[in-house]
Amino acid sequence: MTLPDMHRAEPIPEGARAEIERLLQSGDLFRYTAASDAPVSLLEAEFAQMMGSRYALAVSSCSAALFLSLMALDLPDNARVMIPGFTFAAVPSSVVHANCQPVLCDVADNYRIDMTDFTAKLPTVDAVIISHMRGHTSDMDAIMALCDAADIPVIEDAAHSLGTLWHGRKIGTIGKIGCFSFQSYKMINAGEGGIMITDDADLIARAIIMSGAYEHNWKKHPNIAEACTRWQNKLPLYNLRLNNLSAALVRPQLAELPRRVADGLRNHDHVAEKLNASPFIDVPAPLPPETRAPDSIQFNMVGLDDATIRAFAAAAAAAGVKVQVFGQSTDNARAFWNWQFIKDLPELPKARKMLMSACDVRLPVHLSVSDLDTVSDILLDAVAAVTNAEAA
Ligand SMILES: *Cc1c(COP(=O)(O)O)cnc(C)c1O
């Protein structure tokens, strides 16, 4: 078996080279220097068009987009913001950064928000961030119905969900604001970067100014003059802008997205079917309205104790496939008990149980079917080895 390279990203499309060379020649790297058509502005226009949103603002990361979204909502001091107990540590961090209190919601063993806990905690919060963690979409119908009825704004953390659909609608366009990442492990790779989308003029005006559109730089954002004039000089500048080189890396990748999404889903479903044949592995199904866009696979170990799960991960690693067991790797940034910067961390029994058995394996979209078979065989051999050892 020849092992695929599970960490190699796709090459950046050839189309980026000429534009990057032009930027290197001119030194025009700051988004607000050119009178018009700066790469960052063009990216915003193209991304908004692709998503069918009125406004887009490109920033330095998805975490920055989440922070600016909270700030743009103009929440009361110490506002309570509900987030899932299964997300990346940058999400509660963005809440703390915005002077708000994270309220953790329990998460079921299918990686999606536990709606009973969500419903119980909703009356105590001022805003909600839904992290579609690893692209797994929570029940957005139920979430939006509850939040709309209570007039609570929803920010979608779609960092790792670009291309996912819900009833055919693009994820990130369902809540009031959608935030996406261009960090290297996501569907579009600029090393770092993020973007937020919304149809709300006042929200985007506030976010534009706080992202660092000082003085009248907001005039380089289309169709937003009235709202930006209203907020002129009234908001702090956090300088979380994207630079032109990053935008030049992202723009030619937008056209690659449909292929990456299709290949990612094909890869995921191929491996899922093989793994689900094992009685010790469960790959949770998507919710019925959901069309996924995965570039990795998550599965739960069934009926195995912690030591056996660790032995499985070690056996797979020895054969060349890295398995991250979210709750069992030291200091994991996706295990809520490690977010010790939060005061009064709650216990989340369902999320804890899930994290102790949930495994994460990268499946870069460029893998071939034979690569996928190799990865599946290594995982199945590893589970067979540790369960036979247990039986013996
Ligand atoms: C990657 C990720 C983030 C953070 O994105 P950055 O662009 O690295 O700040 C936030 N939330 C989720 C669910 C992510 O996967």
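Residues numbered from 1 in each chain as written. Predicted model: local features only at pLDDT ≥ 70, side-chain atom pairs only at ≥ 80, totals over all residues. Heavy atoms only, no water.

A.B. asks: I would appreciate a short explanation of the site of the ligand in the present structure.
C.D. replies: Lining the immediate environment of the ligand, one finds Ser61, Cys62, Ser63, Val91, Met133, Asp157, Ala159, His160, Ser181, Gln183, Lys186 and Gly193. With respect to the ligand, the side chain of Asp157 contributes an N or O atom lying 2.7 Å from a nitrogen atom. When grouped by side-chain class, the residues that make up the shell around the ligand number 4 nonpolar, 6 polar and 2 charged. (Near = heavy atom within 4 Å. Polar contact = N/O pair within 3.5 Å; in protein donor to acceptor, adjacent residues only side chain to side chain. Nonpolar A, V, L, I, M, F, W, Y, C, P; charged D, E, K, R; others polar.)

A.B. asks: Looking at this structure, how should I read the pattern of salt bridges?
C.D. replies: For side chains bearing opposite charge, pairing can occur when the charged atoms are close. On inspection of all chains with the given rule, the structure shows 19 salt bridges. Here Arg260 makes a salt bridge to Glu10, at a shortest N to O gap of 2.9 Å. Here Arg260 is found in helix H10 (residues 257–275), whereas its partner Glu10 is found in the segment before helix H1 (15–26), with 250 residues between them in sequence. Of the two residues examined, Arg260 and Glu10, each falls in the buried class. In this structure, Asp74 engages Arg206 in a salt bridge whose closest nitrogen and oxygen atoms are separated by 3.5 Å. With a gap of 132 residues between them, Asp74 in the loop between helix H3 (62–72) and strand S2 (80–84) and Arg206 in helix H7 (residues 201–211) connect regions that are remote in the sequence. (Salt bridge = Lys/Arg side-chain N within 4 Å of Asp/Glu carboxyl O. Helix = DSSP H or I, 4+ residues; strand = E, 2+ residues; numbered from the N terminus. Buried < 20%, exposed > 50% of the residue type's maximum accessible area, 1.4 Å probe, protein only.)

A.B. asks: Just to check I follow, could you spell out the pairing of strand S5 (residues 154–157) for this structure?
C.D. replies: A regular strand carries its side chains on alternate faces of the sheet. Residues Val154 and Glu156 line one face of S5 and the alternating positions Ile155 and Asp157 line the opposite face, and both faces are buried. Of the pairings in the sheet, the one linking strand S4 (residues 127–131) to S5 comprises 4 bridges and is parallel in character. Its bridge partner lying in S5, Val128 is registered against Val154. A crossover links S4 with its parallel partner S5, the connecting element being helix H6 (residues 140–150), and its sense is right-handed. Across 3 bridges, S5 lies against strand S8 (residues 177–181) in parallel orientation. (Pairing = 2+ DSSP bridges. Right-handed = clockwise from strand over helix to strand, strands pointing away.)

A.B. asks: I tried to follow the packing of H3 against helix H4 (residues 90–97) on my own but got confused; where do I start?
C.D. replies: Axis angle and axis distance: for two packed helices, these are the angle between their axes and the distance between the axes, and together they describe the pair. The contact between H3 and H4 brings their axes to 9 Å, and the two run at 35°. Considering the relative orientation of H3 and H4, their crossing is right-handed. Contacts between H3 and H4 involve Ser63, Leu66, Phe67 and Leu70 on the former and, on the latter, Ala90, Val91, Ser94, Val95 and His97. In terms of residue class, the contact of H3 with H4 is built from 6 nonpolar, 3 polar and no charged. (Axes fitted to C-alpha atoms, helices over the stretch in contact; angles between N-to-C directions. Left-handed = near helix turned anticlockwise from the far one by under 90°. Contact = heavy atoms within 4.5 Å.)

A.B. asks: Got a minute to help me understand the environment of Tyr238 in this structure?
C.D. replies: Residue position: Tyr238 is located in the loop between helix H8 (225–231) and helix H9 (244–254). When near neighbours in sequence (up to four residues on either side) are disregarded, Tyr238 contacts Phe67, Leu68, Met71 and Met210.

A.B. asks: What should I look at first to understand unusual backbone geometry in this one?
C.D. replies: Residues other than glycine predominantly adopt negative phi, and peptide bonds predominantly adopt the trans conformation. Within the chain, Tyr111 stands out as a residue other than glycine whose phi angle is a positive 70°. Locating Tyr111 in the fold gives a position in the loop between strand S3 (101–105) and helix H5 (115–121). Owing to a relative accessible area of 3%, Tyr111 belongs among the buried residues under this scheme.

A.B. asks: Before we go on, may I ask you to explain the nonpolar core in this structure?
C.D. replies: A general trend in soluble globular proteins is that nonpolar side chains are found buried together. Within the largest apolar cluster, 59 residues are counted, with the highest numbers of intra-cluster contacts made by Val81, Ile129 and Met196. In terms of residues, this core owes the most to one element, H3, which gives 9 residues. Residues contacting Val81, with those up to four places away along its chain left out, are Leu70, Leu75, Val95, Cys100, Gln101, Pro102, Val103, Ala127 and Ile129. Ile113, Val128, Ala158 and Ile197 belong to the second-largest nonpolar core, a separate cluster that totals 44 residues. (Core = buried A, V, L, I, M, F, W, Y, C linked by side-chain atoms within 4.5 Å.)

A.B. asks: Which parts of the structure should I look at to understand the sheet that holds strand S6 (residues 165–166)?
C.D. replies: Hydrogen bonds along the backbone pair up the strands of a sheet, which may run parallel or antiparallel. A sheet is described by the order of its strands in space; here 3 strands give the open sequence S7-S6-S11, paired in antiparallel fashion. Either end of the sheet is taken by a strand with one partner, and the two such strands are strand S7 (169–170) and strand S11 (290–291). Strand direction decides the pairing type here: S6 and S7, joined by 2 bridges, are antiparallel. Bridge pairing links Trp166 to Arg169 in S7.

A.B. asks: Sorry if this is basic, but what is going on with the side chain of Asn244 here?
C.D. replies: Here Asn244 lies in helix H9. Judged by its relative accessible area of 0%, Asn244 is buried. For Asn244, the residues in contact, after removing those within four places along its chain, are Leu23, Asp28, Leu29, Phe30, Arg31, Ala38, Pro39 and Val40.

A.B. asks: Explanation requested: the pairing of S4 in the structure shown.
C.D. replies: Within S4, 5 of the 5 residues are buried, leaving the element largely enclosed by the surrounding structure. Of the two faces of S4, both are covered, the one formed by Ala127, Ile129 and Ser131 as well as the one formed by Val128 and Ile130. Summarising the sheet, S2 and S4 pair through 2 bridges and their orientation is parallel. Paired with Met82 across the strands is Val128, a residue of S4.

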